[in-house]
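# An overview of the molecular structure
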Amino acid sequence: MARSWQSQLERWRQAGLIEPATADAIRAWEQARPEPARLRIPVLVAIALGGVLVAAGLLLFVSTHWEALGPAQRFCLLLALVVGLHGGGAAVEERFPPLAVALHGVGTVTLGAGIFLAAQIFHLEAHWPLGLLLWAIGAGLGWALLRQWPQLALLALLVPAWLGSEWAVAVQERTNGLHHGAGDPTALAVPAAGLLLTCLSYLAAPIGAGPATPARRVLLWIGGLGLLPTALFWLVVSLWGGNTMPLPLPLAFFGWALALGGPLLMGWCLRGARAWPVAVALGWLLPSLAMAWGDQDAVGLFTYLWWAVGGLLLLAWGVAEGRSERINFGMALIALDVLAFYVSQVMGALGRSASLIGLGVLFLGGGWGLELLRRRLVARAVRPEAP
């Protein structure tokens, strides 16, 4: 870090942007300041691992002694765990902030376990998705009070989980006896589309090429980690679709409105008028949805082309906003699409040795070409200033 600012200062002095006397004064002032204490990666890894081990140990302790405790003792134990963890985090907030973040995060996780175990203690016959809603509300309150990333990450995960569980229960109740309920491809298409658009909304949280705020960076990581699995989930649901019984019209309308409109609203809250990438993703998804329940033989080749279009849209989005992670995801999607097309459409028409040789050439030549293209796109990415 010291070498970084000194090299920048020397560059500015040589360019004539600052006077030599000013540069010497800045250098003397910076060198006189005490170096701020920065935690090294092993310490941060130890804190994260310690938080996970504490959570696992607490769960093991509770499960071991659960049967020996009465209802009042069980509830008091759960309450003491939640209050004790958050109290410990508050106690070390000023002296060791990373430890406070870990304790508050474990406390928020324990809150979810406490909600469901409290319902078990008192034999509450309740609508079980409400437990996820209460947990999400607790995580949201924690984020509003603490502004720490574990609470935001839990909130970003729990809200889609609550909506998905509500959808599964609603489908099971309203389609009982008609078809397979929540496991039907028609019913699975709604959460599959909603999850894919939600991951894209999270991925779109950073605006422009500048450094993202901590909150937007958390959403970026969640969206990035979930994008490829949710895309695969949507692909499987679309290929599995076909001659299935339709959902009741009011239920289907409400489900699709929430699955498509919720991520759009989230994108608007995160990006304002620059939420157009989520709208473009929705425009890409609708023809894909139509193909899912069309003639699979007729649209088979067009499906691969359409997924390649999705990868190209990700590339264009990354270049337009100077975000290399979107370029990387777009390139990965195109590579997987080409590989899937070769395995399903080309490999079976060739002999065994020819198909393996072709697969090797595809990996070597195609991977080399895509990597060159990816590097050029990252280098040529437009980098507008973030608002």
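Attention in this report is confined to the structure presented alongside it.

The rules behind the values
- Counting from 1, residues in each chain are numbered in the order their sequence is written.
- Local features in a predicted model are, by the rule used here, given only for residues with pLDDT of at least 70; side-chain atom pairs are given and counted only at 80 or more, and totals for whole chains, interfaces and linings are based on all residues.
- In computing side-chain values, all of the structure's heavy atoms are included and hydrogens and water are not.
- Segments assigned H or I by DSSP are reported as helices when at least four residues long, segments assigned E as strands when at least two residues long, and all are numbered from the N terminus.
- Each residue is assigned to one of three classes by its accessible area relative to the maximum for its type, calculated with a 1.4 Å probe on protein chains only: buried under 20%, partly exposed between the two thresholds, exposed over 50%.
- Residue contacts are defined here by distance: any two heavy atoms, one from each residue, within 4.5 Å place the two residues in contact.
- Method for areas: the Shrake-Rupley scheme with a 1.4 Å probe, in which residue coverage is limited to the protein chains shown.
- Two aromatic rings, drawn from Phe, Tyr or Trp (for Trp, its six-membered ring), form a pair once their centres lie within 6.5 Å of each other, and the interplanar angle then sorts them: stacked below 30 degrees, edge-to-face above 60, tilted otherwise.
- Charge-over-ring contacts are defined here by two conditions on Lys NZ or Arg CZ: a distance within 6 Å of the ring centre and an angle within 35 degrees of the ring normal.
- Only buried residues count toward a nonpolar core. Its members are Ala, Val, Leu, Ile, Met, Phe, Trp, Tyr and Cys residues joined through side-chain atoms within 4.5 Å.
- Here, expected helix span is obtained from the residue count minus one, scaled by 1.5 Å.
- Taking the helix axis as origin, the arc is that swept by the directions to the C-beta atoms.
- The bend reported for a residue corresponds to the angle between axes fitted to the seven residues ending at that residue and the seven starting there.

## A look at the overall build of the protein
Summing up its helical and strand segments, the protein has 14 helices and zero strands in all. Here the protein holds 387 residues, and 37% of them are scored as buried. Once local pairs closer than 6 in sequence are excluded, the contacts in the protein between residues at least 24 apart make up 67%. Split by element, the accessible area of the protein, about 22300 Å² in all, is 71% carbon and sulfur.

## Concerning the packing of aromatic side chains
Applying the stated criterion across every chain, the model contains two aromatic pairs. Measuring from centroid to centroid gives 5.0 Å for W284 and W307, while their planes differ by 80°, and the two rings are edge-to-face. Of this pair, W284 sits in helix 11 (residues 276-292) while W307 is found in helix 12 (residues 296-321), placing the two residues 23 residues apart along the sequence. Across the pair, exposure class does not vary: W284 and W307 are buried alike. Arranged with centres 5.5 Å apart and planes meeting at 75°, the rings of Y304 and F341 form a pair that is edge-to-face. Of this pair, Y304 sits in helix 12 while F341 sits in helix 13 (residues 324-346), and the two are 37 residues apart along the sequence. Taking the relative accessible area as the measure of exposure, F341 reaches 33% and is therefore partly exposed. For R326, the ring lying beneath its charged end belongs to W317, and the centroid distance is 4.2 Å.

## So, the nonpolar core
Core analysis: the largest hydrophobic core is formed by 37 residues, its most contacted members being L227, W234, W256 and L285. Elements supplying a minimum of two residues to this core: helix 7 (149-174), helix 8 (185-203), helix 9 (214-240), helix 10 (249-271), helix 11, helix 12 and helix 13. Setting aside residues no more than four positions away along its own chain, W256 makes contact with A189, V190, A193, G261 and L289.

## Remarks on helix 4 (residues 71-91)
Between its first and last C-alpha, helix 4 extends 30 Å over 21 residues, near the 30 Å set by a 1.5 Å rise per residue. Burial in helix 4 covers these residues: R74, L77, L78, L81, V82, L85 and G89. Summarising the axial view, the buried residues of helix 4 lie within an arc of 120°, below the 170-degree limit, and thus occupy one face. Seen from the open side of helix 4, the exposed residues pointing more than 90 degrees away from its buried face are A72, V83 and A90.

## As for helix 10
Over its 23 residues, helix 10 runs 32 Å from end to end, which matches the ideal 33 Å to within 8%, given 1.5 Å per residue. For helix 10, the principal kink sits at G261 and spans about 30°; a proline, P263, occurs within the next four residues. When we look at burial in helix 10, the residues that qualify are L251, A252, G255, W256, A259, L260, P263, G267, L270 and R271. G272 sits one or two positions beyond helix 10 and adopts a positive phi of about 65°.

None of the figures reported here should be taken as evidence of function without further support.
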